[in-house]
Protein chains: 2
Amino acid sequence: MIKAVVIGSGNVAAHLIKALGSSPQVQLVQAVARRPEQLEGVLPPEKITHNFNEITEADVYLISVTDGAIAQVSAQLPFTGRLVVHTSGSTDMEALDAKNRRGVFYPLQTFSKAKDVDFKAIPLCLEAENEADFDTLRTLAEALSNSVYSISQAQRQALHVAAVFVSNFANHMYAQGAKVCEEHGIPFAILQPLIQETAAKVATLHPLQAQTGPAIRHDEKTIQRHLDFIINKHQKAIYTLLTQSIQDEQKL
Amino acid sequence: MIKAVVIGSGNVAAHLIKALGSSPQVQLVQAVARRPEQLEGVLPPEKITHNFNEITEADVYLISVTDGAIAQVSAQLPFTGRLVVHTSGSTDMEALDAKNRRGVFYPLQTFSKAKDVDFKAIPLCLEAENEADFDTLRTLAEALSNSVYSISQAQRQALHVAAVFVSNFANHMYAQGAKVCEEHGIPFAILQPLIQETAAKVATLHPLQAQTGPAIRHDEKTIQRHLDFIINKHQKAIYTLLTQSIQDEQKL
C-alpha cells in the first residue's frame, strides 16, 4: 500500500486525486491546496489542507501545480529526504528542490474539469534519481494505468512538443473547421464522424500513410479554389503553410 | 427498391458499392469501372463492366471518380434524361453534363482502402436540381446512413474546406508528433490516448472551449523552450503560426 499526498488543485491534480483515491493499491492520505474549495466533492474536507505545516507522512508527494510554481512549492515543503515528484511534461526534474529525493510522474493526456477520463489508458511517463524511487513510482503508476513508461528528461521534452502538435494544434484545426461551418450555417456536428475517423485511422496506420486530401494529391485546382474561398487571414496562412509542409514531407 | 449503378472503382466507389450492396432497400445493379480488377471481391464479376455501352437501366447513377474526370465521364454516358450524381465535395453539380438530371451525393468521410467504415454514421450531403430527384436521393441516402443533410453548393464548398482542416491538417499534426517521437526513440503509440481523447473532447465541447496548451495559456517560457527544441524548418514555422493563431483567436 503506497501512501500518497497530492499538492495542487488544478485540472491534473483533481483527476490524479480521483484516480489515486479509487485505486485499492494506493492510500491517498491527503491533498494540499491553496484553495481547498476547488477540491470540493473530490475528497472529504478532513483530507484537504492548505497549511504546509499540516502535511502528513507519505511514501510519495506529487506536486501538480503550474510549471512556474513547481520550484517554489517544492522549496516550501517542511521536510527533507522524502520522495517528491512533479507531474509536468515540460519541466526538468531538477526544478524540484534538492533537499528531497526527486522524480517525475507525467500523465500524457489532456484534462478538462468537465470531462472524466479513463486513467487506465493514460500513459504515465516516469523518471527518478535512483532505482528504488523509480520502482516506487512504477508500482504507484501501475496501480493507476496499464501504460507505464520510463522516459528520460530529453524524451519527455520531445513528448511534450509532440503532444502540442497532436493535441493542442489538432484541436486548433477543429476550431477552424467549426468556424467555417458556423459562417455558413452548417452544424459543426456534421464534422464529428470525420474527426473521430481521422483520429481512429492513426491507431492502425502511420499518419504519413493515412494522409489524404488535395495537398497530398497535388490537386492544385482544389487548393486554389479553397484559398480563394478562405477570407480569414490566419486561416489562409495556415492552409498555405500546411499544404506546403504536406507536399514537402512527401518528397523525403 | 431503388436501382443504383456506381461508376468508378477508387476508394470512395469501393466503400459506396459495399454499402449499397448490403442495404436491403437498394438494388445495386451494376458497377462500371475502367479497371474492373480493382473491384475484385467487392462485387461479383458479372455485375462489373468496363464498357459504357453495357450500362443497364437504373433510378440513379453515382459517378465516383476523381474530380477532374467527372465532366468527361458524365458526358460519355450513352443516355439522357436520367438521374446522375457525383460524390465530390469540391465539384459543382453543374460539372455534370446537362443531358441528364443532375445531383450530388457527397459522403463526408475519409476513406482508406485498408479500413472498413461504418456507413451508418457517415453524413451524406445531398443536392439535386429538382425536388423529386432530391427525394429519390434522400431515400437512397437514408437506406445507407442515419445522417442525411440537404447541403447547398456554397455550403458543400465550405464543408470541404472545413474537412481539410479537421481531417487532412489534423492528420498532418499527427505526422509531426510521430516524427518528433521517432527522432527520440519513443513509440508513437504513447500518443494514441491523447489523440483519441482530443478528438473525443470536441464531441461534447466546442473546440474553442477545449483548447489547452502553452499557446492559450500564454506560457511564453514553454513556447520558447519548444521553439529552441524544434530543428525542422516546417515544424518551427507551423509551431509559430499556430501559436499566434490560437492566441489571436482568444482575443475575438
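Residues numbered from 1 in each chain as written. Chains lettered and ligands numbered in written order. Predicted model: local features only at pLDDT ≥ 70, side-chain atom pairs only at ≥ 80, totals over all residues. Heavy atoms only, no water.

Draft legend 1. Spatial organisation of the overall build of chain A. If you tally the helices and strands in chain A, you get eight helices and eight strands. Considering only C-alpha atoms, chain A reaches an extent of 65 × 40 × 30 Å along its principal axes. Here chain A holds 252 residues, and the buried ones make up 58% of them. For chain A, the share of sequence-separated contacts (at least 6 apart) that also reach a separation of at least 24 residues comes to 55%. For chain A, the exposed area adds up to about 10,300 Å²; of that, 51% sits on carbon and sulfur atoms. Within chain A, the 26 negative side-chain charges are centred at a point lying 5 Å from the centre of the 22 positive side-chain charges. (Helix = DSSP H or I, 4+ residues; strand = E, 2+ residues; numbered from the N terminus. Buried < 20%, exposed > 50% of the residue type's maximum accessible area, 1.4 Å probe, protein only. Contact = heavy atoms within 4.5 Å. Areas by Shrake-Rupley, 256 points an atom, 1.4 Å probe, with all protein chains shown as cover. Lys, Arg positive; Asp, Glu negative; His and termini not counted. Charge placed at Lys NZ, Arg CZ, Asp CG, Glu CD.)

Draft legend 2. Structural detail: the domain arrangement of chain A. Residues and elements named next belong to chain A. Here chain A is partitioned into domain 1 (2-151) and domain 2 (156-250). One C-alpha centre belongs to domain 1, the other to domain 2, and the line joining them spans 35 Å. If you look at the interface, domain 1 gives 14 residues, while domain 2 gives six residues. Inspection of the region where domain 1 meets domain 2 yields one salt bridge. The salt bridge partner of Arg-156 is Glu-127, with a shortest N-O separation of 2.6 Å. (Domains from an automatic or database assignment. Salt bridge = Lys/Arg side-chain N within 4 Å of Asp/Glu carboxyl O.)

Draft legend 3. Structural detail: the packing of helix α5 (residues 192-201) of chain A against helix α4 (residues 153-183) of chain B. Their axes nearest at 9 Å, the elements α5(A) and α4(B) cross at an angle of 20 degrees. If you check the angle between α5(A) and α4(B), you find them roughly parallel. Between α5(A) and α4(B) lies a crossing of right-handed hand. Along the contact surface, α5(A) presents A:Leu194, A:Ile195, A:Thr198 and A:Ala199, while α4(B) presents B:Ala163, B:Val166, B:Ser167, B:Asn171 and B:Tyr174. Classifying every residue of the contact of α5(A) with α4(B) by side-chain character gives six nonpolar, three polar and no charged. (Axes fitted to C-alpha atoms, helices over the stretch in contact; angles between N-to-C directions. Parallel < 35°, antiparallel > 145°, perpendicular 65-115°, else oblique. Left-handed = near helix turned anticlockwise from the far one by under 90°. Nonpolar A, V, L, I, M, F, W, Y, C, P; charged D, E, K, R; others polar.)

Draft legend 4. Focus on the interface of chain B and chain A. Taken residue by residue, the interface counts 93 residues in chain B and 93 residues in chain A. Considering only the surface of chain B that becomes buried against chain A, B:Phe165, B:Val166 and B:Ile190 emerge as the three largest contributors, covering 8% of it. Taken together, the connections running from chain B to chain A amount to four salt bridges. Linking chain B with chain A are 39 residue pairs in polar contact (both at pLDDT 80 or more). Put simply, the parts of the chain that give the side of chain B that touches chain A at least two residues each are α4, α5 (192-201), α6 (207-210), α7 (220-229) and α8 (233-251) of chain B. Residue contributions to the side of chain B that touches chain A peak at 28 residues, all from α4(B). In terms of residue class, the side of chain B that touches chain A is built from 51 nonpolar, 31 polar and eleven charged. (Buried area = accessible area lost by both parts, 1.4 Å probe. Polar contact = N/O pair within 3.5 Å; in protein donor to acceptor, adjacent residues only side chain to side chain.)

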